[in-house]
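Each chain is listed here by its residues.
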Amino acid sequence: MTDIDDGSLQRIWQADTAAFTPMDADQLQWQADRFGDAIIRRNRREYVAAGLCVIFFGATLWILPGWLLKAGSLLIILASLFVAWQLSRRTSRPDPVAAATDVRTYFRDRLETEAQMLEAIGRWYLAPLLPGLGLFLAGQAIVMGSQGRIWFIMTAGTLVLLFTIIWLVNRRAAAQLRQQMSWTDPTGYGE
Amino acid sequence: MRRSDRDRLFADAMAQCGRALARMARAYEADADLRRDLEQDIQIALWQSLPGFEGQCALPTWVWRVAHNRAISHILRHLRHRRERWVNIEELELESSLPDPSEAAENGQAMMLIRSIIDRLGPPDRQILLLYLEGVSAAETADIVGISADLVAQKVHRFKNMLSHQFSGSGESR
C-alpha cells in the first residue's frame with residue numbers, strides 16, 4: 001500500500017487556485033440591507049393578510065345579524081391577530097453572530113427550531129381559527145334556513161379536510177427536517 | 001464595531017482564506033451560477049457576523065464556521081434537486097483504481113479522485129475532509145465542527161487509507 005503524506009495530499013488539493021472575487025464593502029452593505037428588507041417584506045405580507053382578515057370579519061361583525069355570526073367574526077379576528085403574532089415571533093430575524101457557532105450546534109439548533117414550529121402548526125395556526133370559523137359557519141347555516149344544514153356539512157367538511165391536509169403536509173415537512181437533523185447527532189458523525 | 005474595523009477584518013479574512021473559500025464553494029456546489037450565489041452568501045454572512053468577533057477564536061476558525069454553516073444551508077436548500085445519495089466515509093466504496101500518486105497528481109487524476117470522494121459525502125464528513133485538505137489541524141477542525149479531535153483523526157485516516165488503496169492499484173476501498 002502506498003503511503004500518502006498529509007503535505008502532498010494538501011498540495012494537490014490546494015494547487016486548485018480557484019478565483020474568488022471579494023465583494024467590496026459597499027456591495028456587502030447593500031446586500032446585507034437587501035436581506036433585511038426581504039425579512040421586513042415577508043413579515044409585512046403576514047401582517048397584511050392578518051389585516052385583511054380583521055377588516056373583512058370586522059365588517060361582518062358589524063353588518064351580519066345573529067350572535068353566532070358576530071361571535072364567530074370576533075373569534076376569527078382574535079385568531080388572525082394571534083396567528084400573525086405567532087408567525088412574527090417564531091420566524092424572527094436570524095442572528096448573524098449565531099452563524100459563527102460550531103457547525104453541529106448551529107444546525108442542530110436551527111433545524112430543531114424549524115421542526116418544532118412545523119410540528120406545532122396545529123396548535124398555533126390551525127386550532128385558533130377553528131372555533132371562530134365553526135361559529136361563523138353555524139350562524140350562516142341558520143340564516144340560510146332549510147338549505148343551511150347541507151351547506152354547513154359540506155362547507156365544514158371541506159374546511160376540516162383542508163386543515164387536515166395542511167396539518168399533514170407540515171408534519172411531513174417536520175419529519176423530513178428531523179431526518180436531515182440526524183447528521184447533527186453524535187451518531188451522524190460516527191461517534 | 002466601527003465600519004472601518006469591520007472592513008479591515010473582512011479584508012484580513014479574505015486575504016487569509018479567500019482561495020480556500022473558493023475551493024470549499026466548489027466542493028459544495030458544482031453549478032457555476034449557484035456557486036457564485038453561494039460565494040456571495042458566504043461573504044455577506046461573514047461580513048454580518050464580524051461585529052460579534054472579539055478574538056474569542058482565531059479569525060480563520062470564525063471564517064470556517066460561518067462559511068461551512070452557510071454552505072451546508074445552501075446544499076440543504078437545494079437538496080430536492082440532488083439525485084445522488086450522500087454517504088458517510090465509512091460506507092463509501094470506490095470503483096476504479098489509480099496507478100501511482102505522482103503520475104496521478106500530474107494528470108489531475110488525483111484531484112478527480114479526491115473530488116469524487118468529497119462529492120459523495122454528507123455534510124459531516126465533507127466538512128471534516130475539506131478542512132483537512134486546507135491544512136487545518138484536527139484540534140481546530142474539532143472546534144469548528146463541534147466534535148472530538150479523535151473522531152476527526154479517524155475520519156482523515158479512513159480517507160487517506162482509501163486513497164492509498166486506490167493509488168496502489170488494489171482497487172479496494174474498505
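Computed from a prediction, not measured in an experiment: that's the story for all the values here. (Residues numbered from 1 in each chain as written. Chains lettered and ligands numbered in written order. Predicted model: local features only at pLDDT ≥ 70, side-chain atom pairs only at ≥ 80, totals over all residues.)

## Points about the overall build of chain A
Inference 1: Secondary structure assignment for chain A yields 7 helices and 0 strands.
Inference 2: Starting at the N terminus, the α and β elements of chain A follow one another as α-α-α-α-α-α-α.
Inference 3: With 191 residues in all, chain A has 20% of them scored as buried.
Inference 4: Taking the contacts inside chain A whose residues are at least 6 apart along the sequence as the reference set, 74% of them involve residues at least 24 apart. (Helix = DSSP H or I, 4+ residues; strand = E, 2+ residues; numbered from the N terminus. Buried ≥ 20, exposed ≤ 12 C-beta atoms within 10 Å, placed from the backbone. Contact = placed C-beta atoms within 7 Å.)

## Considerations on the overall build of chain B
Inference 1: Per the secondary structure count, chain B includes 8 helices and 0 strands.
Inference 2: Reading chain B from its N terminus to its C terminus gives the helix and strand order α-α-α-α-α-α-α-α.
Inference 3: Buried positions account for 37% of the 174 residues belonging to chain B.
Inference 4: In chain B, the share of contacts with a sequence separation of at least 24, taken over all contacts with a separation of at least 6, comes to 69%.

## Description of the packing of helix H4 (residues 103–119) of chain A against helix H3 (residues 59–77) of chain B
Inference 1: Here H4 of chain A crosses H3 of chain B at 40 degrees, and the two axes come no closer than 9 Å. Taken together, the axes of H4 of chain A and H3 of chain B are oblique relative to one another. Taken as a pair, H4 of chain A and H3 of chain B cross one another with a handedness that is right-handed. Between H4 of chain A, through Val103, Tyr106 and Phe107 of chain A, and H3 of chain B, the contact on the second element is made entirely by Arg65, His68, Asn69 and Ile72 of chain B.
Inference 2: Grouping the amino acids of the contact of H4 of chain A with H3 of chain B by side-chain chemistry returns 4 nonpolar, 2 polar and 1 charged. (Axes fitted to C-alpha atoms, helices over the stretch in contact; angles between N-to-C directions. Parallel < 35°, antiparallel > 145°, perpendicular 65-115°, else oblique. Left-handed = near helix turned anticlockwise from the far one by under 90°. Nonpolar A, V, L, I, M, F, W, Y, C, P; charged D, E, K, R; others polar.)

## A few points about the interface of chain B and chain A
Inference 1: Taken together, the contact between chain B and chain A spans 50 residues of the former and 37 residues of the latter.
Inference 2: Of the residues contributing to the side of chain B that touches chain A, the split by class is 24 nonpolar, 16 polar and 10 charged.

## Details of helix H5 (residues 109–120) of chain B
Residue and element names in this part refer to chain B.
Inference 1: The first and last C-alpha atoms of H5 sit 17 Å apart over 12 residues, in line with the 16 Å expected at 1.5 Å per residue.
Inference 2: Among the residues of H5, those classed as buried are Ala110, Leu113 and Ile117. The buried residues of H5 occupy an angular sector of 65 degrees when projected down its axis, which confines them to one face. (Expected span 1.5 Å × (residues − 1). Arc of directions from axis to C-beta.)

## Quick notes on the packing of helix H1 (residues 3–28) of chain B against helix H2 (residues 32–49) of chain B
Residues and elements named next belong to chain B.
Inference 1: The contact between H1 and H2 brings their axes to 10 Å, and the two run at 145 degrees. Crossing handedness for the pair H1 and H2: right-handed. Between H1 and H2, the residues in contact are Phe10, Ala13, Leu21, Ala25, Arg26 and Tyr28 and Arg35, Leu38, Glu39, Ile42, Leu46 and Trp47, respectively.
Inference 2: Of the residues belonging to the contact of H1 with H2, the class tally is 9 nonpolar, no polar and 3 charged.

## A word on the confidence of the model for chain B
Residue and element names in this part refer to chain B.
Inference 1: When pLDDT is averaged along chain B, the result is 82; 83% of the residues meet or exceed 70.
Inference 2: The spread of mean pLDDT over the elements of chain B runs between helix H4 (residues 101–106), the lowest at 56, and helix H7 (residues 138–145), the highest at 91.
Inference 3: When the criterion is pLDDT under 50, residues 170–174 qualifies, and its contacts beyond four places in sequence or with other chains add up to 10 contacts.
Inference 4: Across the predicted assembly, pTM comes out at 0.74 and ipTM at 0.80. (pLDDT = per-residue confidence, 0-100.)

## Looking at the environment of glutamate 134 of chain B
Inference 1: Along the chain, the position of glutamate 134 of chain B falls in the loop between helix H6 (123–133) and H7.
Inference 2: A C-alpha to C-alpha distance of 9.6 Å links glutamate 134 of chain B and cysteine 17 of chain B, two positions 117 residues apart in sequence.

## What about the nonpolar core?
Inference 1: Formed by 59 residues in total, the largest nonpolar core has its most connected members in Met24, Ile42, Leu46, Val63, Val66, Ala67 and Ala71 of chain B.
Inference 2: Ranked by the residues each element gives to this core, the list is headed by H1 of chain B, at 9 residues.
Inference 3: Judged by nonpolar contacts, the second largest core, of 9 residues, contains Leu69, Leu75, Leu135 and Leu137 of chain A. (Core = buried A, V, L, I, M, F, W, Y, C linked by C-beta atoms within 7 Å.)

## Observations regarding the environment of serine 148 of chain B
Inference 1: For serine 148 of chain B, the location among the structural elements is in the loop between H7 and helix H8 (149–168).
Inference 2: Along the primary structure serine 148 of chain B and alanine 138 of chain B are separated by 10 residues, whereas in three dimensions their C-alpha atoms are 8.7 Å apart.

## Focus: the environment of aspartate 33 of chain B
Residues and elements named next belong to chain B.
Inference 1: Within the element layout of this structure, aspartate 33 appears in helix H2.
Inference 2: A residue is classified by how many C-beta atoms lie within 10 Å of it, and aspartate 33, with 8 of them, is exposed.
Inference 3: Counting along the chain gives 15 residues from aspartate 33 to glutamine 48, while the straight-line C-alpha distance between them is 23 Å.

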